[in-house]
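Observations on the three-dimensional arrangement
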Amino acid sequence: MYDFAYHKPSSLADAVKLLAEDPDAKPISGGMTLLPALKHRLNMPTALIDLSGIAELRGIKREGDAIVIGAMVKHFEVATDPQIMAAIPALARMAATIGDTQVRNRGTIGGSLANNDPAADYPAAALALGATLITDRRQIPADDFFVGMFTTAMEPGELLIGVSFPIPEKAGYAKLRNPASRYSMTGVFVAKGPKGVGVGVNGAASCAFRQKEMEAALAANWSPEAVANIRQPANDLNSDIHGSAEYRANLVTVMAKRAVADAG
Amino acid sequence: MSEAHHPAAAPPRAVPPAPDGDWPIATLTLRVNGQAHRLAMDTRTTLLDALRDHLGLTGAKPGCNQGACGACTVLIDGKRMNACLTLAVATQGQEITTIEGLAEGEALHPMQQAFIDHDAFQCGYCTPGQIISAVACIREGHAGSAEEIREFMSGNLCRCGAYPNIVKAVQDVAAKGGA
Ligand SMILES: Cc1cc2nc3c(=O)[nH]c(=O)nc-3n(C[C@H](O)[C@H](O)[C@H](O)COP(=O)(O)OP(=O)(O)OC[C@H]3O[C@@H](n4cnc5c(N)ncnc54)[C@H](O)[C@@H]3O)c2cc1C
């Protein structure tokens, strides 16, 4: 790691100010992704702004027909929160499959969404559920938020403060975990809700995406059979030592079927 | 190595002198195994390095140093976490428990005894992390079946492959009323 100053502001306003004053400062939430990157010297922030002392970034609440989750809420909290388990159980089940207990006890939903790892779990749920990402300066629909590999629509110095998930009628999730790293080889989150049917795919391409052909098929007929013959084109999918693009394309269909069955 | 190389509680080493570079130094209080320690260290120091290099508590081990192997697992406010992916400065005001804090004097913690009874290790490098994690696994209520134990102990890798006996040790302690 290169050296950095460390600040732990106790209010959102102070954190935003610290980030505005120093363009080379970086926020740190769980550190589960940022610290490994710093150890590899992939990053050289002048200062780390620790978000763990900011009350405004914590908490899970129901607001009308949505569940609003603070950016600093940890994966284990999403997995075990009674309100989320009741309103969007598939989201809680998804959180319970992230990494392992040690990772879930420190890693946060805000850090994961801001990082937008192609294999991260949450982006697929945000896309399928039609979530809204709330920052210190605006609200961004999930469709506009995930821009590309490790890239979001947020500007430098912009802080994610939470995410609002409309409560669906039904939702389900299935993924094939890489047996060693446990990251998603391909995962599919399906939801039927106020905004229609959403199908979000992670792990397969450079960025999570919506499978619109499957969305149309499920809107007409909500059943695993409806997606069974839909083939995801392999052109833009990832090929690596873990699997070819063709293999991942096939997984999109298999995981979509399982996700619909999971939703019931 | 002989026993003499593994004293139960190594005397804390002196705080290294402030380096002569101009990088940021944090002065902080770490609460470890019920004791408060006032220390000065580079802000980059991970909790793992602080425990090992500043306090001489070498139970928690550096393995992958990227949060994947669990050899560095400690409890922070009762929750298991990877000390290698935690900055020491970020743990102020929190209570840290390491493997050195489990035994009561000469009396081993039931989980330590169970690991011996079930031969739940070979080289022993991952063992402190396994034991801390196993204690938390039971306290979380995730030690029901062998399958559940395997899932909730998945953050702790054992390259010797002692998993079957680790599961038995956890089941044994869970059956005898917990950790
Ligand atoms: C062994 C291991 C296994 C894992 N397995 C999985 C898995 O299966 N699935 C999965 O989805 N993830 C997995 N992860 C990643 C994990 O979920 C991380 O917690 C997550 O990606 C990042 O969250 P964090 O809170 O740790 O963020 P940090 O590492 O603190 O930050 C990540 C990035 O986001 C920025 N950032 C953080 N918070 C904010 C904010 N509020 N506003 C703006 N920017 C912000 C930081 O500056 C940094 O660039 C794994 C990690 C490890 C170490």
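Rules behind the numbers
- Position labels on residues start from 1 in each chain and follow its written sequence.
- Naming scheme: in the order in which they are written, chains are lettered from A and ligands are numbered from 1.
- pLDDT decides what is reported in this predicted model: residues at 70 or higher carry local features, side-chain atom pairs at 80 or more are listed and counted, and totals for whole chains, interfaces and linings draw on all residues regardless.
- In this text, helices come from DSSP runs of H or I with a minimum length of four residues, and strands from runs of E with a minimum of two, each type numbered from the N-terminal end.
- The globule rule is 2.2 Å times the number of residues to the power 0.38, and the radius of gyration it is compared with is taken over C-alpha atoms.
- Three classes are used. A residue is buried when 20 or more other C-beta atoms lie within 10 Å of its own, exposed when 12 or fewer do, and partly exposed in between, with C-beta atoms placed from the backbone.
- Whether two residues are in contact is decided by their C-beta atoms, placed from the backbone, lying within 7 Å.
- In this analysis a residue is considered near a molecule or strand if the C-beta atom, reconstructed from its backbone, is found within 6 Å of that molecule or strand.
- For this scheme, ten residues count as nonpolar: Ala, Val, Leu, Ile, Met, Phe, Trp, Tyr, Cys and Pro. Four count as charged, namely Asp, Glu, Lys and Arg, and the remainder, Gly too, count as polar.
- Annotation comment: domain bounds sourced from an automatic or database domain assignment.
- Each pair of strands is called paired provided DSSP finds at least two bridges between the two strands.
- Fitted lines through C-alpha atoms serve as axes, helices being fitted only where they are in contact, and the angles separating the N-to-C directions of these axes extend from 0 to 180 degrees.
- Oblique is the label for any angle not under 35 degrees, not over 145, and not in the 65 to 115 range, which are roughly parallel, roughly antiparallel and roughly perpendicular in turn.
- Here a crossing is taken to be left-handed if its near helix is turned anticlockwise relative to the far helix by less than a right angle, and right-handed if that turn runs clockwise.
- The predictor attaches a confidence to each residue, and that confidence, scored 0 to 100, is pLDDT.

Chain B carries the name Oxidoreductase in an unreviewed UniProt entry, which gives Teichococcus aestuarii as its organism.

As named in an unreviewed UniProt entry, chain A is Carbon monoxide dehydrogenase, taken from Teichococcus aestuarii.

1. Thoughts on the overall build of chain A
Helix and strand counts for chain A come out as 12 helices and 14 strands. Relative to the compact-globule value of 18 Å for 264 residues, chain A shows a C-alpha radius of gyration of 18 Å, a close match. Principal axes of the C-alpha set define a box for chain A whose edges measure 55 × 45 × 30 Å. In chain A, which comprises 264 residues, the proportion classed as buried is 52%. Excluding contacts between residues fewer than 6 apart, the proportion of contacts in chain A whose partners are at least 24 apart in sequence is 62%.

2. Some words on the site of the ligand
Around the ligand, 30 residues are found, and the nearest of them are A:G30, A:M32, A:G99, A:G107 and A:G111. Flanking the ligand are residues from chains A and B. Elements supplying a minimum of two residues to the shell around the ligand: β2 (25-28) and α7 (109-115) of chain A. Here the element with the most residues in the shell around the ligand is α7(A); it accounts for 5 residues. Here the shell around the ligand is built from residues that sort into 14 nonpolar, 12 polar and 4 charged.

3. What about unusual backbone geometry?
Residues other than glycine predominantly adopt negative phi, and peptide bonds predominantly adopt the trans conformation. The phi torsion at A:N116 lies on the positive side, around 50°, for a residue other than glycine. Mapping A:N116 onto the fold places it in the loop between α7 and α8 (122-129). In the Ramachandran plot, B:N65 falls in the positive-phi region, its phi being about 60° despite a non-glycine side chain. Within the fold, B:N65 resides in the loop between α1 (47-54) and β3 (73-76).

4. Here's the deal with the interface of chain B and chain A
Each side of the interface is counted separately: chain B has 22 residues, and chain A has 18 residues. Per-element accounting of the side of chain B that touches chain A gives the leading share, 4 residues, to strand β4 (residues 79-82) of chain B. Split into classes, the residues belonging to the side of chain B that touches chain A amount to 9 nonpolar, 10 polar and 3 charged.

5. As for the domain arrangement of chain B
Residues and elements named next belong to chain B. With domains assigned, chain B is organised as domain 1 (3-101) and domain 2 (110-175). Facing 14 residues of domain 1, the contacting portion of domain 2 comprises 11 residues. Broken down by secondary-structure element, the contributors of at least two residues to the side of domain 1 that touches domain 2 are β3 and β4. Residue contributions to the side of domain 1 that touches domain 2 peak at 3 residues, all from β3. In terms of residue class, the side of domain 1 that touches domain 2 is made up of 7 nonpolar, 4 polar and 3 charged.

6. Description of the pairing of strand β2 (residues 35-42) of chain B
All names here are of chain B. Here 8 bridges tie strand β1 (residues 25-32) to β2, and the two strands are oriented antiparallel to one another. Across the sheet, I25 pairs through a bridge with D42, a residue of β2. As consecutive antiparallel partners, β1 and β2 are separated by 2 residues, and within that stretch N33 has a phi angle of approximately 50°, a positive value.

7. Remarks on the packing of helix α3 (residues 127-139) of chain B against helix α5 (residues 163-175) of chain B
Residues and elements named next belong to chain B. One can describe the packing of α3 onto α5 by two numbers: an axis separation of 10 Å at closest approach and a directional angle of 40°. When the axis of α3 is compared with that of α5, the two are oblique. Every pair of crossing elements has a handedness; the one defined by α3 and α5 is right-handed. Facing Q130, A134, C137 and I138 of α3, the residues of α5 in contact are I166, A169, V170, V173 and A174. Of the residues in the contact of α3 with α5, the class split is 8 nonpolar, 1 polar and no charged.

8. Points about α8(A)
All names here are of chain A. Summarising burial for α8: 8 of the 8 residues are buried, a large majority. Within α8 the residues assigned to the buried category are Y122, P123, A124, A125, A126, L127, A128 and L129. Positive phi appears at G130, one or two residues downstream of α8, with a value of about 70°.

9. Structural notes on the confidence of the model for chain B
All names here are of chain B. On average, chain B scores 90 in pLDDT, and the residues at 70 or more come to 88%. The model gives residues 1-15 a pLDDT under 50, and that stretch makes 11 contacts with residues more than four places away or in other chains. Interface scoring of the predicted complex returns ipTM 0.94; its pTM is 0.94.

10. What about the sheet that holds β1(B)?
Residues and elements named next belong to chain B. The strand order across the open sheet built from 5 strands is β2-β1-β5-β3-β4, with neighbouring strands paired in mixed fashion. The open sheet is flanked by β2 and β4, the only strands paired with a single partner. For this sheet, the mean angle separating the axes of adjacent strands, direction not counted, is 40°. Of the strand pairs in this sheet, β1 and strand β5 (residues 95-97) are connected by 2 bridges, and their pairing is parallel. Its bridge partner being in β5, V32 is matched across the sheet by I96. Lying over the sheet, α1 contacts β1 and β2, oriented at roughly 105° with respect to β2. Its contacts with the sheet place α3 against β3 and β4, and it is angled at close to 40° to β3.

11. Let's talk about the domain arrangement of chain A
Domain parsing of chain A yields domain 1 (1-53) and domain 2 (170-263). With centres defined by C-alpha atoms, the gap from domain 1 of chain A to domain 2 of chain A works out at 34 Å.

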